[in-house]
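Descriptive analysis of the structure
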Amino acid sequence: MTLYFLVKYLHVAGAIVILGTGTGIAFFMLMAHRSRDAAFIARTAETVVIADMLFTLTAVLLQPVSGGVLMWLSSTTWSERWLMTSLGLYAVAGLFWVPVIFMQIEMRDLARKAAEQNQKLPPRYFALFHRWFLFGIPGFGSVMAILWLMIAKPL
């Protein structure tokens, strides 16, 4: 096994973690939201926040490191259009993902408070969920496009 193969394996594994965690988080948050059960939403959002911090954040931080090492090992230059496009999309994904973390935390807190007080979810929760959902489209779409660029290198 070469160093290049090992780093490439870690890089691909990181991409899988980002996509898998993102998909799982979206699914579980959507299912909890559909229940309209504040206690269930609070518990789900609590787990989602932990998963995002533990898995997604770790992979997001390691991707540029492993990608940089792959560039160095393969003598890839910054002038490669697929790479520059991927990095631009990575920035877009980050611009949409970072606010989502804070939205998830606030949705968790709002749902927890509603459950503790035996009240309905407040309008702010629904506004946040709507925004959270919309932010997921360009955020997740960017990651899907990066994966394609990483494999196909069409540009």
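You'll find the structure just up there.
Described in the following lines is the structure provided in the data block. Quick caveat: nothing in here was measured; it's all calculated off a predicted structure. (Residues numbered from 1 in each chain as written. Predicted model: local features only at pLDDT ≥ 70, side-chain atom pairs only at ≥ 80, totals over all residues. Heavy atoms only, no water.)

1. Things to note about helix 3 (residues 81-116)
- When the terminal C-alpha atoms of helix 3 are compared, their 52 Å separation across 36 residues agrees well with the 52 Å that a helix rising 1.5 Å per residue should span.
- Once helix 3 finishes, Asn118 follows within two positions and takes phi at roughly 55 degrees, a positive value. (Helix = DSSP H or I, 4+ residues; strand = E, 2+ residues; numbered from the N terminus. Expected span 1.5 Å × (residues − 1).)

2. Digging into the nonpolar core
- Counting residues in each nonpolar core, the largest one holds 20 residues, and the members touching the most others are Ile25, Met29, Ile41, Met107, Leu121, Tyr125 and Trp132.
- Residues contacting Ile41, with those up to four places away along its chain left out, are Ala32, His33, Ser35, Arg36, Ala111, Leu121 and Tyr125.
- Of all hydrophobic cores here, the second largest spans eight residues; its members include Leu19, Trp97, Ile101 and Val143. (Core = buried A, V, L, I, M, F, W, Y, C linked by side-chain atoms within 4.5 Å. Buried < 20%, exposed > 50% of the residue type's maximum accessible area, 1.4 Å probe, protein only. Contact = heavy atoms within 4.5 Å.)

3. Considering a nonpolar patch on the surface
- The grouping of Met1, Leu3, Phe5, Leu6, Tyr9 and Leu10 at the surface amounts to a nonpolar patch, some 700 Å² of accessible area in total.
- Its location among the elements puts Leu10 in helix 1 (residues 3-35). (Patch = residues over 30% accessible without salt bridge, like charges linked within 9 Å, V, L, I, M, F, W, Y side chains within 5 Å. Areas by Shrake-Rupley, 256 points an atom, 1.4 Å probe, with all protein chains shown as cover. Salt bridge = Lys/Arg side-chain N within 4 Å of Asp/Glu carboxyl O.)

4. Topic: the pattern of salt bridges
- In this structure the tally under the stated criterion is four salt bridges.
- Residue Arg112 pairs with Glu46 through a salt bridge whose shortest N-O separation is 3.5 Å. Residue Arg112 is located in helix 3, and its partner Glu46 is located in helix 2 (residues 38-74); the two are separated by 66 residues in the primary sequence.
- Across the pair Asp109 and Arg108 runs a salt bridge, and its minimum N-O distance is 2.9 Å.
- We classify Arg108 as buried; its relative accessible area is 16%.
- Connected via shared salt-bridge partners are Glu46, Arg108, Asp109 and Arg112.

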